[in-house]
Amino acid sequence: MVSVVAHRGFSGKYPESTQIALEKALELNAEMVEFDLQLSRDKELILIHDPSVDRTSDGTGKVEDLTLDQIKSFDAGSWFAPQFRDQKFLIFQEALDLLAGKVRLNVHVKAQEHNREEIVPRVIDEFEGRGLFESAYIASDEKTIVFAKKLAPKLQICNLSTNPTENYIQRSQKIGCTILQPKNLQVDANFMRDAHKLGFEVNPFYADDVAEMRRLIECGVDGILTNFPDLLLAIRENL
């Protein structure tokens, strides 16, 4: 059965990565929730995809240049729809308080050269302190997940350095990955045959329409990232 991976929570109908988006993904009983982490100026882990707050709030500025207090002062919901104006950016610990132990976690660490050695250990410490090594994993570029795996050998890692496709599976195996997140258009029956032969779990990014969800399911994927987990659940129930 294909797993439903709620991309930034239930982000098709709620402002991404906010409390309500995560809660609604839980209410649907999605098997997995994906979210992104960026590091603030005062070294807090913020749930946000973009390097700046501009697109998903009424604030402006790069996350790494803003303090947590500044980030928390922004409205992170009204950009999506007026009824969500009370939503705020979450920190990693708040998301874990809400999700840990209830759903599998796909944590996309947005590390850069200048902050990789700060952000990765912080994420690993939270995993270890909450006993999440079996129910959560780090997804990131190859350099970041290699560094993470060295710090915590029992950590599950997912390779987001998907290109070139021709050696993506082999590169990922070499660095100790067990999970792949290819672009949806990289996936066909041959890709899945090769990945499964080596024991990989494959959760492509992404599909929001019925035709592509069905195509990926027919290819044999293990999970699908989607902004509309309700749609994928409905398709799965009718297989």
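This text goes with the structure placed above it.
Residues numbered from 1 in each chain as written. Predicted model: local features only at pLDDT ≥ 70, side-chain atom pairs only at ≥ 80, totals over all residues. Heavy atoms only, no water.

### Description of the pattern of salt bridges
Short version of the rule: One speaks of a salt bridge when a side-chain nitrogen belonging to Lys or Arg is within 4 Å of a carboxyl oxygen belonging to Asp or Glu. Per the convention used, a helix needs a DSSP run of H or I reaching at least four residues, while a strand needs a run of E reaching at least two, with both numbered from the N terminus. Between buried and exposed lies partly exposed: a residue is buried under 20% and exposed over 50% of the maximum accessible area for its type, with that area taken using a 1.4 Å probe on protein chains only.
Tallying each qualifying case throughout the model produces 18 salt bridges. Here Lys-13 and Asp-230 are joined by a salt bridge, their closest N and O atoms 2.8 Å apart. Of this pair, Lys-13 sits in the loop between β1 (3–7) and α1 (19–27) while Asp-230 sits in helix α9 (residues 229–237); the two residues are 217 residues apart in sequence, bridging distant segments of the chain. Glu-118 serves as the salt-bridge partner of Lys-43, at 3.3 Å between the closest nitrogen and oxygen. Placement of the pair is Lys-43 in the loop between β2 (32–39) and β3 (45–47) and Glu-118 in helix α4 (residues 116–130), with a sequence separation of 75 residues. Residue class for Lys-43 comes out partly exposed when judged on its relative accessible area of 36%. Residue class for Glu-118 comes out partly exposed when judged on its relative accessible area of 35%. Salt bridges sharing partners connect three or more residues here, namely Arg-8, Glu-16, Asp-36, Asp-50 and Arg-55.

### Description of the nonpolar core
Rules: In this text, buried Ala, Val, Leu, Ile, Met, Phe, Trp, Tyr and Cys residues form a nonpolar core when linked through side-chain atoms within 4.5 Å. Residue contacts are counted whenever heavy atoms from the two residues lie within 4.5 Å of one another.
One finds Phe-35, Val-123 and Phe-127 to be the most contacted residues of the largest nonpolar core, which totals 60 residues. Those residues in contact with Phe-35, other than ones at most four positions away along the chain, are Ser-17, Leu-47, Phe-92, Ala-95, Leu-99, Leu-105, Asn-106, Val-107 and His-108. Core analysis: the next-biggest nonpolar cluster, separate from the first, contains 11 residues, Ile-48, Leu-66, Leu-68 and Ile-91 among them.

### Describing the pairing of β1
Stated precisely, the cut-off is as follows: Pairing between strands is defined by DSSP: at least two bridges between the two strands are required. Note on handedness: a clockwise path from strand one over the helix to strand two, with the strands aimed away from the viewer, defines a right-handed crossover.
Of all the five residues making up β1, four are buried; the element is thus mostly covered by neighbouring parts of the structure. With four bridges connecting them, β1 and strand β9 (residues 223–226) associate as parallel partners. By the bridge assignment for β9, Val-5 is matched with Leu-225. Across three bridges, β1 lies against β2 in parallel orientation. Bridge pairing links Val-5 to Met-32 in β2. Where the polypeptide runs from β1 across α1 and back to β2, its parallel neighbour, the crossover connection is right-handed.

### Quick notes on the packing of α4 against helix α5 (residues 142–151)
Spelled out, the test is: To get an axis, a line is fitted to the C-alpha atoms, and for a helix only the part in contact is used. The angle between two axes follows their N-to-C directions and goes from 0 to 180 degrees. Each angle receives one of four descriptions, namely roughly parallel if under 35 degrees, roughly antiparallel if over 145, roughly perpendicular if within 65 to 115, and oblique otherwise. For any helix crossing, the convention is left-handed if the near helix is rotated counterclockwise from the far helix by under a right angle, and right-handed if that rotation is clockwise.
Where α4 contacts α5, the two axes come as close as 10 Å, and the packing angle between them is 50 degrees. When the axes of α4 and α5 are compared, the pair comes out oblique. The chirality of how α4 crosses α5 is right-handed. Every residue of α5 that contacts α4 at Arg-116, Glu-117, Val-120, Pro-121 and Ile-124 is listed here: Lys-143, Thr-144, Phe-147, Ala-148 and Leu-151.

### A word on α1
All buried positions along α1 are accounted for by Ile-20, Ala-21, Leu-22, Ala-25 and Leu-26. Where the residues of α1 are buried, they touch β1, β2, β3 and α3 (92–99). One or two steps after α1, the chain reaches Asn-29, where phi turns positive at roughly 65 degrees.

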